[in-house]
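Tertiary structure, described
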Amino acid sequence: MDRYEPHEIERRWQAVWAEERTWETPNPGEPGFDDSKPKFYVTEMLPYPSGEPHVGHLKNYSLGDAIAHLRRRKGYQVIHPIGYDAFGLPAENNAIKTGQPPREAVEASIAAYQEQFRAWGLSFDWSREVSSHTPEYYRWTQWIFLRLFERGLAYRAEAPVQWCPVDQTVLANEQVIDGRCERCGSPVEARDLEQWFFRITEYADRLLADFDLLESWPEHVVTMQRNWIGRSEGAEVTFRCEGLGIDFPVFTTRPDTLFGATFFVLAPEHPELGRLVAGTGREDEVSAYVDESIRETPEERASEERAKTGAPLGRTVTNPVNGERIPIFVADYVLMEYGTGALMAVPAHDQRDFDFARAFDLPIRRVVVPRAEAEAAEGAGEGADEPFVGHTDDEVLVESGEFTGMGSVEAKSAIIASLRERGLGEPAVNYRLRDWLLSRQRYWGCPIPIVYCERCGIVPVPDEQLPVELPEVEDYAPKGKSPLAAAEQWVEVACPSCGGAARRETDTMDTFVDSSWYFLRYLDPHNVERPFDRSVADHWMPIDQYIGGVEHAILHLMYARFFIKAFADMGMLEAQEPFASLFTQGMITMGGAKMSSSRGNTVSAVRTVERYGADTSRTYVCFLGPPERGGDWHPDGVEGVHRFLTRLWRLGQEVVERTGDSAVGASATPGREAEPWAADPDTPGREAEEVSGRNLLAKANWAIDKVTRDIEHGFQFHTAIAAVMELVNDSYRLKDALYGDPDGDAALRFATATAASLIFPFAPHLGSEVYAALTGERVWERPWPEADRSLLERDTFTLVVQVNGRRRDQIEVATGLSEAELLELARASDNVRRHLDGKQVVKEVVVPGKLVNLVVRG
RNA sequence: GCCCGGGUAGGCAAACUGGUAAAGCCCGCGGCCUUAAAAGCCGCUGCCCGCAAGGGCGUUGCGGGUUCGAGUCCCGCCCCGGGCACCA
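Here's a quick rundown of the structure. (Residues numbered from 1 in each chain as written. Chains lettered and ligands numbered in written order. Predicted model: local features only at pLDDT ≥ 70, side-chain atom pairs only at ≥ 80, totals over all residues. Heavy atoms only, no water.)

This model, assessed by the stated rule, comprises 50 aromatic pairs. Where Phe198 meets Phe562, the ring centres are 6.4 Å apart and the plane angle is 50°; that geometry is what we call tilted. Placement of the pair is Phe198 in strand β9 (residues 189-198) and Phe562 in helix α18 (residues 555-569), with a sequence separation of 364 residues. Here Phe198 and Phe562 have matching classes, each one buried. An angle of 80° between the planes, with centres 5.7 Å apart, marks the rings of Phe198 and Phe563 as edge-to-face. Residue Phe198 is found in strand β9, and its partner Phe563 is found in helix α18; the two are separated by 365 residues along the sequence. Given a relative accessible area of 0%, Phe198 falls into the buried group. Chaining the aromatic ring pairs together yields one cluster made of Phe145, Phe149, Trp196, Phe198, Tyr203, Trp436, Phe512, Phe532, Tyr559, Phe562, Phe563 and Phe567. Over the face of the ring belonging to Trp228 we find Arg432, whose NZ or CZ atom lies 4.3 Å from the ring centre. A cation over an aromatic ring shows up here: Arg561 above the ring of Trp217, its NZ or CZ 5.9 Å from the ring centre. (Phe/Tyr/Trp six-rings, centres within 6.5 Å; stacked < 30°, edge-to-face > 60°. Helix = DSSP H or I, 4+ residues; strand = E, 2+ residues; numbered from the N terminus. Buried < 20%, exposed > 50% of the residue type's maximum accessible area, 1.4 Å probe, protein only. Lys NZ or Arg CZ within 6 Å of the ring centre and 35° of its normal.)

Taken together, 53 residues form the shell around RNA strand B, and within it Tyr338, Arg352, Arg432, Glu726 and Arg806 come nearest. Each atom of RNA strand B within 4 Å of the protein belongs either to a base or to sugar and phosphate, the latter forming 66%. Asn729 places a polar side-chain atom, nitrogen or oxygen, 3.3 Å from a phosphate oxygen of RNA strand B. Separating a base oxygen of RNA strand B from a side-chain N or O atom of Asn853 is a distance of 2.6 Å. With eight residues, the single largest contributor to the surface near RNA strand B is helix α24 (residues 717-738). (Near = heavy atom within 4 Å. Polar contact = N/O pair within 3.5 Å; in protein donor to acceptor, adjacent residues only side chain to side chain.)

Written out as structure tokens, the structure reads:
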């Protein structure tokens, strides 16, 4: 072989890894398990198999694989599994269009993914592979559902839901973006349906508190989840409609502004509207308003620019702090799904209430003012051109009865305490987070293991009858209810409880349910007793490094966190958090734009690998730029990386030829633990500086240090690869001068083997090939090299001499000189002297090991 | 509007705690090799003077500030990307 043939090399090493099952990792207690090694669980978000994998997948798995390889060679027992998130809408939509059953389409895609993942040389433990659409897997998804049901964490409720008229299904809040369906973009509609929910809100506080348990998550992802949970503290205060004797609790974060409440507002969906308006003579006006606002899309309703609308109900409620009767309105700026669907309006201190008050000519009463204003006896009472949404620390109450003069912060608790005594209010916490709606009126998902019996009601399917298998159907098109409803023999079932006639639940689960626990099934994929064994989970969990796209920052990651907490509460495992460290990769673009088939700017990972090989493709996606940021795909850039790998390959060939493949090993003092040059005091070049090759050894050790730090400190893969490029470039520059000299040959062999060793996490086939050519050893069985510190230390350094902060000279000087000596050397420089001429040195700055700065005047 | 990122050669980017700005890759230019081309190898690639050694100047979105010294810290803006947004 006289040129770099990536495909030949890659096929050969992949065959070794497959045959020897190199990347399989046993569980504790199984043969081959090594309990002397610390565990490391690394996994990437599992793919949704659709078509064939793209460059985004290539990047995702290349990053994870590099981490896995590094950790293995650092002495960890690494588990690195893979699976498929195979249920979901795209396969079903495809089925509706083409008639191809979703199972067939998905399994064809899975085959394509498997083929690619193998061709990419990823170090997955294939013995742990799972797919969420198989009965062996979803049996346990159903089992988990039943456990949550038993604990009251899964419940059925009628609720206004968001309905996508195109996909014909209910959507979770998280799947509605600006009032539109996340998938198809059509405006969503409101409907009332009986649906299944997971009570994630019960875990809201723990989801917030346990951010503290995380080792390394991107700050912005934590922030996004915090905002999504949207915890706010305040009070629940009861306003009573005396006329009808109905109590309206409202949530407020500003109990200190209660005396400024001048009206009261209900959401158009509020259930008490009808009773309230009855007999007031305003029925027509109100019902017209309600109809109109319910017809509007949530998007239209949410527009901030829009003027406030509403209608008076002709009734009043009593403000519990001062007994004042204030009018009730209905207005669409009040959301039924937040708080109690009702609010006290304080126009002087809330922008929205202010806008409404202006539109309806309602009184605006300031009750909180900055202390300075209060002392000047200004600001209180009516008026003001804009609301004062207090955000200074020093505000006081005015015109607030007994609380007048009190600071706003104390007033909050004082007012709550006073209300509490009278049973009219108490401290309260509210969340933006809603319970997780998991029902889908769709075919291609995990069946919900529930039966409806006329006599017994909601009956869970007993564990021994699991899985409830997804039946075959003819027609996948949704008709407002699940296609499963058409499978009559499947639907009609004997009640597990009374044996009478009953019907199965025909909705399926949101696919986020499947993907909220798959990383636990990886740990014990063939267990037929339970989803996973506790002792196995306690050994491997939590995941030490999770890698995926930032687009899952909220949904998937929070659902999985919720599941783990619920599991821990059920005693299924110890871990409270699934993902100790999270890395979110940025998207690869083309010409600065997202890749999409409609733009015609997609880059096929498959074709890139066919053309350049897996090593080039993998190294390139890691070299694109900081991986969290994403980068622009550039065909010429791929060429550049390919050139680099080719150079390394050729260097390996040439060094083997020119230095003889004799005893002068590159790695190879046999039986040694570490790279021999790294630890061996007899390393050539160490003792005598003039020996050629020392610089190259120093460079190689510098590269070891740099690559290790860059990978471990925040995924700086692009600079790590650049360091190996430098090492290879230096080897090329020096090699002709070094050949023939024993130390020179040894240095070249070491440098080349080191380059192969360091590039291995990114280009595993080439790394193995070159390393084996030089050493006869398998690089993945060698420990990750450690830099020899003594070779990193230089005995001279470049002293930069500045005059007034401008560089005037640089001198090579010995390390360890005193400040006085450095100054003397600096002043001796011709060019420096020229700049000092006729001037007075007023200050001398010496930074040891770095520079001297002479500050002059005149 | 609010909260995060980011703005550095022609392009992508690097620069740990303030200490020679621009490593590496691409593009471009030149040389070697070749009958020739491709590939490969070597070199150049902010501006000015110089054959050269060298010297001078400039420079990190804009404007200020702190410092002997600022891409890095502080204040005020502009632009790009992402997230949230009538959440009481």
